[in-house]
Amino acid sequence: MGLKEIVQENHYPIVFIGSGIEKRYLKNFPNWNSLLKGYWDQINETQNFYSFLRTLTKKHPDSNTTDQDFYANVEAATYIQEKFDDLFYDEQIKVSGLSIQQAQQNRISPFKQSISNRLKHYELSDSIDADELANFVQMLEKAKMIITTNYDTFIQDQIEANSDQRPSVFVGRSGLFDSNEGWSEIYQIHGSVTDSNSIVINSKDYDNFDENSVLVSAKIMSSMIDTPIIFFGYSMTDRNIRKVLDDFGTQLPQEDPRKSANRILIVDYEAGQNEIVEQIVQDPSLHQLTYTLIKTDNYKAIFNQLKTINEGATPYEVKKFNGLIKKLIVQQGQMGKLDAVLVTPTQLDDISKEIDQGKPIVVALGNERYFYVYPDLVSYMKDYFNNTDNYLPAVALSFAAHDGNRLTKTPFSKYLHAIDVKTLKLPENDLEKLRNKIDTCSTLDELISGLDKYSQNTFYHIADVKKQHYSLSRTINVITFNLRNIPLEELKEYVLKEVLPLFETVKSNVRTNIRKLLFGYDLLLNGDLKQIKNQLITQRVELARR
């Protein structure tokens, strides 16, 4: 099965991403040698770095050159880390954001912290193909699971910046032991710049990782019955990919080699190769593991095909719905608040058969009035300001709590003023996120005072603002500045007939301004949030007492 057949099978893939992807999209992304060479120059060694590497490679005469280079780099990293850390404690080297006291008390390696500092800040390449990067992100949105050996946060940053998705991120062995949803998750198995001590780089780190690599393989193979795995950004000589494939070779059942080839695809970069050249490879050094090898430089075409896979709901949506249904059944069901759990013209045992026959099936979770549906952003905004009340208040507040970050403007004042939050029994995580949002902006005055000076022009009618022929962004901000001056009926008509339809189609920068307008309009209608925060604090205290 080649790439085309995988797309036709329509199963979201597991995506494994290596450093080749970062090298493709990021400016001055260092390879292992250049990274270590930079630190070698800081530890006052007189020997040439590459002479030192040669000495280390000679310690492994029976290994191939790929393994020799790997062992040499790991041993070099171990040596450099020890020297670098000692020089830091001798106050001959400084690491930004790390004091000697912090390093000692928290057992932070200055060497690893320095690497984290360096890789946290990256820039996109000047020659980047914007369409290819967009296709890459859209492909990632369709990944059931993303596994990477990269330390940086480029992958999750791109997903969060260019979509409404917020995948769960697990670092190191975190999550490998857990019974997670298995959807829309990122595993940084070699550590992350968000936790410098998690970085796998020295001999001890790799020994620990190798001892537990079976966990990575088990996590993947548990999802591989209907799910292909695709590797990007690795050379077939890369020790990281060969270790994973070697585990596959020992653990996958003996079967028709074509089945393994159908499950495992490896995209190997070949400069200038615009075609997608596929071949089936059986590798005797990997316990006769069979896989499909794709050689190409045309990543855009591959991403463009994979992003068309559609199982009906995205992995992120599946994750949300799984969690919500579990929450509903466990929490609401235990409290006896479910008047109906399933509404269907057939019995449970017959549902699968009815679906296969193409018959209409209705499944409803909730009480007599509500469908227990988790909104997307546009649906939430429309429901909120049209007062259609399609969502349970607990669901709506949970959505608002998790929408974006603490600075993201999501209206929810209406719910907090109309309902005693204690009766909703929101989880502490939701309450904490709501409190954080309130802390960043709790009153209409705070919102207005934060607008730029170009927006602070006084008007009393929306028509007068439009006559100024400002840009769309500035027009929206000026109206936000004048929320108290413009008649409510005029604002209501503007929000319902112009702003909400616009919110569906505009780009992110304008959408941010619309969010501020809608957030301010909500505070104008339903009241500021500063006082209401006490309800959330009270509920936290009550939860802590239980």
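Computed from a predicted structure; not experimentally measured. (Residues numbered from 1 in each chain as written. Predicted model: local features only at pLDDT ≥ 70, side-chain atom pairs only at ≥ 80, totals over all residues. Heavy atoms only, no water.)

## Looking at the confidence of the model for the protein
Mean pLDDT over the protein stands at 82; residues scoring 70 or higher make up 81%. For residues 328–349, every residue scores under 50 in pLDDT, and the model assigns this stretch 37 contacts once sequence neighbours within four places are set aside. (pLDDT = per-residue confidence, 0-100. Contact = heavy atoms within 4.5 Å.)

## Observations regarding the sheet that holds strand β6 (residues 264–269)
Taking strand neighbours across the sheet as the criterion, the eight strands line up as β3-β4-β2-β1-β5-β6-β8-β7 in an open arrangement whose pairing is mixed. Each end of this open sheet is capped by a strand with a single partner; those strands are β3 (168–171) and β7 (277–283). Strand-to-strand twist across the sheet, computed as the mean angle between neighbouring axes with direction ignored, equals 20 degrees. Summarising the sheet, strand β5 (residues 229–232) and β6 pair through three bridges and their orientation is parallel. Following the sheet pairing, Ile-229 is matched in β6 by Ile-264. (Pairing = 2+ DSSP bridges. Helix = DSSP H or I, 4+ residues; strand = E, 2+ residues; numbered from the N terminus. Axes fitted to C-alpha atoms, helices over the stretch in contact; angles between N-to-C directions.)

## Overview of the packing of helix α3 (residues 32–40) against helix α4 (residues 49–57)
Viewed as axis vectors pointing N to C, α3 and α4 meet at an angle of 115 degrees, and their least axial separation amounts to 10 Å. Between α3 and α4 lies a crossing whose hand is right-handed. Listed contacts from α4 to Asn-33, Leu-36, Lys-37 and Trp-40 of α3 are Phe-49, Tyr-50, Phe-52 and Leu-53. Here the contact of α3 with α4 is built from residues that sort into six nonpolar, one polar and one charged. (Left-handed = near helix turned anticlockwise from the far one by under 90°. Nonpolar A, V, L, I, M, F, W, Y, C, P; charged D, E, K, R; others polar.)

## Some points on empty space enclosed by the protein
This model, assessed by the stated rule, comprises two cavities of 30 Å³ or more. In this structure, the largest cavity spans a volume of roughly 50 Å³. Leu-140, Glu-141, Ala-143, Ile-146, Ile-159, Gln-165, Pro-167, Ser-184 and Glu-185 together form the lining of the largest cavity. Among the residues making up the lining of the largest cavity, the classes are represented as five nonpolar, two polar and two charged. A volume near 30 Å³ is recorded for the second largest cavity. Arg-406, Leu-407, Thr-408, Lys-409, Thr-410, Lys-437, Thr-440, Cys-441 and Phe-519 together form the lining of the second largest cavity. When its residues are assigned to classes, the lining of the second largest cavity shows three nonpolar, three polar and three charged. (1 Å grid on protein atoms, 1.4 Å probe; cavity = no way out; pocket = protein on both sides within 12 Å on 5 of 7 lines; lining within 4 Å. Points joined across faces, edges and corners; volume = space filled by probe spheres on them.)

## Description of the layout of surface pockets
Over the atoms, a rolled probe matching the size of one water molecule traces out where space is still vacant. By volume, the second largest pocket is sized at about 1000 Å³. Around the second largest pocket, the lining is made up of 36 residues, and of these Ser-19, Lys-23, Asn-31, Trp-32 and Asp-238 lie nearest the centre. Every element with two or more residues in the lining of the second largest pocket is listed here: α2 (19–25), α3, α4, α5 (65–89), α11 (239–251) and β6. Per element, the largest residue contribution to the lining of the second largest pocket is five residues, and it comes from α5. In terms of residue class, the lining of the second largest pocket is made up of 14 nonpolar, 15 polar and seven charged.

## Quick notes on the packing of aromatic side chains
Applying the stated criterion across every chain yields a total of 30 aromatic pairs. Plain terms: the ring middles of Tyr-39 and Phe-84 are 5.5 Å apart, the flat faces sit at 80 degrees to each other, and that makes the pair edge-to-face. With Tyr-39 in helix α3 and Phe-84 in helix α5, this residue pair connects regions lying 45 residues apart in the sequence. Of the two residues, Tyr-39 and Phe-84, neither departs from the other in class, the shared state being buried. Note on Trp-40 and Phe-52: the rings are 4.6 Å apart at their centroids and 25 degrees apart in plane angle, and the pair reads as stacked. Note that Trp-40 is positioned in helix α3 and Phe-52 in helix α4, a separation of twelve residues in sequence. Classification of Phe-52 by relative accessible area gives buried; the value is 11%. (Phe/Tyr/Trp six-rings, centres within 6.5 Å; stacked < 30°, edge-to-face > 60°. Buried < 20%, exposed > 50% of the residue type's maximum accessible area, 1.4 Å probe, protein only.)

## With respect to the packing of helix α22 (residues 472–481) against helix α23 (residues 488–503)
Between two packed helices, what matters for the description is the angle formed by their axes and the separation of those axes. Close contact between α22 and α23 brings their axes to 13 Å; oriented N to C, the two are set at 150 degrees. By the angle between their directions, the pair α22 and α23 is classed as roughly antiparallel. The crossing of α22 and α23 is left-handed. Counting all contacts with α22, which are made through Leu-472, Ile-476 and Ile-479, the residues of α23 involved are Leu-491, Tyr-494 and Leu-502. (Parallel < 35°, antiparallel > 145°, perpendicular 65-115°, else oblique.)

## Side note on the pattern of salt bridges
A complete count under the given rule lists 18 salt bridges for this structure. With a shortest N-O distance of 3.2 Å, Lys-27 and Asp-126 are connected by a salt bridge. Of this pair, Lys-27 sits in the loop between α2 and α3 while Asp-126 sits in the loop between α7 (110–120) and α8 (130–141), and the two are 99 residues apart along the sequence. Since its relative accessible area comes to 29%, Lys-27 is described here as partly exposed. A salt bridge links Arg-515 to Asp-403; its shortest N-O distance comes to 3.0 Å. Of this pair, Arg-515 sits in helix α24 (residues 508–526) while Asp-403 sits in the loop between α17 (393–402) and α18 (413–418); the two residues are 112 residues apart in sequence, bridging distant segments of the chain. Residue classification places Arg-515 among the buried residues on the basis of a relative accessible area of 10%. Asp-403 gets classed as buried once you look at its relative accessible area, which sits at 11%. Members of the salt-bridge network, linked through shared partners, are Arg-24, Glu-132 and Asp-297. (Salt bridge = Lys/Arg side-chain N within 4 Å of Asp/Glu carboxyl O.)

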